[in-house]
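A closer look at the structure
Okay, here's what each chain looks like letter by letter:
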2 protein chains.
Amino acid sequence: MSWAERVLNTLSVHGHRVTGPRRAILEQIMHYSQPFSAEQLFRDLGGVGGPIGRATIYRTVDLLLGDGWLSRVHWRAAREASNGHDHAYVAVEQGLRHHIVCRNCGVVVAIAGEQIDVLASQSAEHAGFIYETCSLELYGICPTCQLR
Amino acid sequence: MSWAERVLNTLSVHGHRVTGPRRAILEQIMHYSQPFSAEQLFRDLGGVGGPIGRATIYRTVDLLLGDGWLSRVHWRAAREASNGHDHAYVAVEQGLRHHIVCRNCGVVVAIAGEQIDVLASQSAEHAGFIYETCSLELYGICPTCQLR
DNA sequence: GTTGGTGCAAACGCTTTGCACTTGG
DNA sequence: CCAAGTGCAAAGCGTTTGCACCAAC
């Protein structure tokens, strides 16, 4: 079952509707290997005059973000890779909340984070906090860019 | 030497000027214990008609961000704590790049991250990347809020 | 005296909103 | 059926920019 299908199933279970625009948006998101912006999504889905309105894009991105299906990336390198837009998003695979972004080409690779989660929860407790969640963004140069 | 003084020294060394507005902005930032937005900074420094223009706030925040003196926080909880504005910033103490944010009151505590950095660099290498840097945001409930 | 920094106000562009229409369940 | 979802276009608003003036070094 693909990421898009999993998202649709969950939406359905949560009482949301599985609509054409949502299918199209999810499908498009799956094709990205780099952080993308809402505007870029809009453009790639047909832009002005296309079948999907801007508002729907933003509302859907918000929905996905709220349910943890998307993660925001906001460092300069990531933003630049995403055409200069301020907010870039990355699809989140189950259990792979963390990711590493290439500062050169912007490609994103999800990484397993059990150890990170453990370490994070320990750090939180050390500060007296009740740990809830964390988000880690790594930056570096990907294998492909290293060869150039 | 305070954070503001350290920042000013570094700016000076880098060929930037130590001006009144910059002093005021740095001073104000030191007073925050929660993530703050550019707009909030502008308001707290006098707002419209005040001694410092909006443009200066934004330009300075950008400068500080670029040199790593500020860190961006962008999760919903943090944003809400920061009056609903999209971008929230946190002053970065030397070596304490990571921080934990209380989901309830928004208070921020810096945390040491040697272990996190080590783990991050290992994860990056495991993915074939040349590690450069990382940013970790933890979320939880602070000691004070736990008592309520 | 230079040149980087600043303030102002207008321009920008991403995001949100109101409302009538459409559609999924 | 009917509430959730959508499209459109306008409004909103945080952020950037151009330009003349000012002040740090």
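The following refers to the structure shown. (Residues numbered from 1 in each chain as written. Chains lettered and ligands numbered in written order. Predicted model: local features only at pLDDT ≥ 70, side-chain atom pairs only at ≥ 80, totals over all residues. Heavy atoms only, no water.)

1. So, the interface of chain B and chain A
You'll often see interface size given as the accessible area lost when the parts meet. Note the cut-off: What makes two residues a contact is simply this: any of their non-hydrogen atoms within 4.5 Å. When two components associate, each loses some accessible surface as probed by a 1.4 Å sphere; the sum of these losses over both components is called the buried area. Salt-bridge detection follows one rule: a side-chain nitrogen of Lys or Arg within 4 Å of a carboxyl oxygen of Asp or Glu. Think of a polar contact as two N or O atoms within 3.5 Å of one another; within protein, one of them needs to be a possible hydrogen donor and the other a possible acceptor, and neighboring residues in sequence only count if both atoms come from side chains. Helix and strand assignments follow DSSP, with helices taken as H or I runs no shorter than four residues and strands as E runs no shorter than two, numbered in order from the N terminus. As a working rule, the residues Ala, Val, Leu, Ile, Met, Phe, Trp, Tyr, Cys and Pro are called nonpolar, Asp, Glu, Lys and Arg charged, and the rest polar, with Gly in that last group. Paired strands, as defined in this entry, are two strands with at least two bridges between them according to DSSP.
With 41 residues of chain B at the interface, the matching set in chain A holds 41 residues. Interface area, chain B with chain A, both sides summed: about 3,500 Å², of which 61% is carbon and sulfur. Put simply, chain B and chain A have 2 salt bridges between them. In this structure, glutamate 132 of chain A and arginine 103 of chain B form a salt bridge, with 2.4 Å as the shortest nitrogen-oxygen distance. One can count 13 residue pairs in polar contact (both at pLDDT 80 or more) joining chain B with chain A. Element by element, the count of residues in the side of chain B that touches chain A is highest for strand β5 (residues 130-141) of chain B, at 12 residues. Among the residues making up the side of chain B that touches chain A, the classes are represented as 24 nonpolar, 9 polar and 8 charged. Note that strand β5 (residues 130-141) of chain A and β5 of chain B share 11 bridges and pair antiparallel. The residue bridging leucine 136 of chain A from the neighbouring strand is leucine 136 of chain B, located in β5 of chain B.

2. With respect to the relation of the copies chain B and chain A
Each of the two chain copies can be brought onto the other by rotation about an axis and movement along it. To keep it simple, the criterion reads: Here the copies were fitted onto each other by least squares, based on C-alpha atoms from residues at pLDDT of at least 70 in both.
Note on the copies: chain B fits chain A at an RMSD of 0.1 Å, the axial shift is 0.0 Å, and the rotation between them is 180°. Taken together, these values place the two copies in the relation of a two-fold axis. Considering only C-alpha atoms, the part of chain B nearest the rotation axis is leucine 136 of chain B, at 2.2 Å. Take the interface residues of chain B: 100% of them recur as interface residues in chain A, which is what a same-surface contact looks like.

3. Some remarks on the protein's contact with DNA strand D
What counts here: Here a residue is considered near a molecule or strand provided that any single heavy atom belonging to it is located within 4 Å of it.
Looking at DNA strand D, there are 20 residues lining it, with Arg17, Thr19, Pro51 and Thr56 of chain A together with Tyr58 of chain B nearest. Within 4 Å of the protein, the contacting atoms of DNA strand D are drawn from sugar and phosphate to the extent of 65%. The contact in question runs from a phosphate oxygen of DNA strand D to an N or O atom on the backbone of valine 18 of chain B, over 3.3 Å. A distance of 3.0 Å separates a phosphate oxygen of DNA strand D from a polar side-chain atom of histidine 87 of chain B. When contributions to the surface near DNA strand D are tallied by element, the ones reaching two or more residues are α2 (20-30) and α4 (54-66) of chain A together with α4 (54-66) of chain B. Ranked by the residues each element gives to the surface near DNA strand D, the list is headed by α4 of chain B, at 4 residues.

4. Focus on the protein's contact with DNA strand C
Taken together, 20 residues form the shell around DNA strand C, and within it Tyr58 of chain A together with Arg17, Thr19, Pro51 and Thr56 of chain B come nearest. Take the atoms of DNA strand C that sit within 4 Å of the protein: sugar and phosphate atoms are 62% of them. Threonine 19 of chain B places a polar side-chain atom, nitrogen or oxygen, 2.7 Å from a phosphate oxygen of DNA strand C. Here a phosphate oxygen of DNA strand C sits 2.3 Å away from a polar atom, N or O, in the side chain of threonine 56 of chain B. For the surface near DNA strand C, the secondary-structure elements that each account for two or more residues are α4 of chain A together with α2 (20-30) and α4 of chain B. The residue makeup of the surface near DNA strand C, split by class, is 8 nonpolar, 6 polar and 6 charged.

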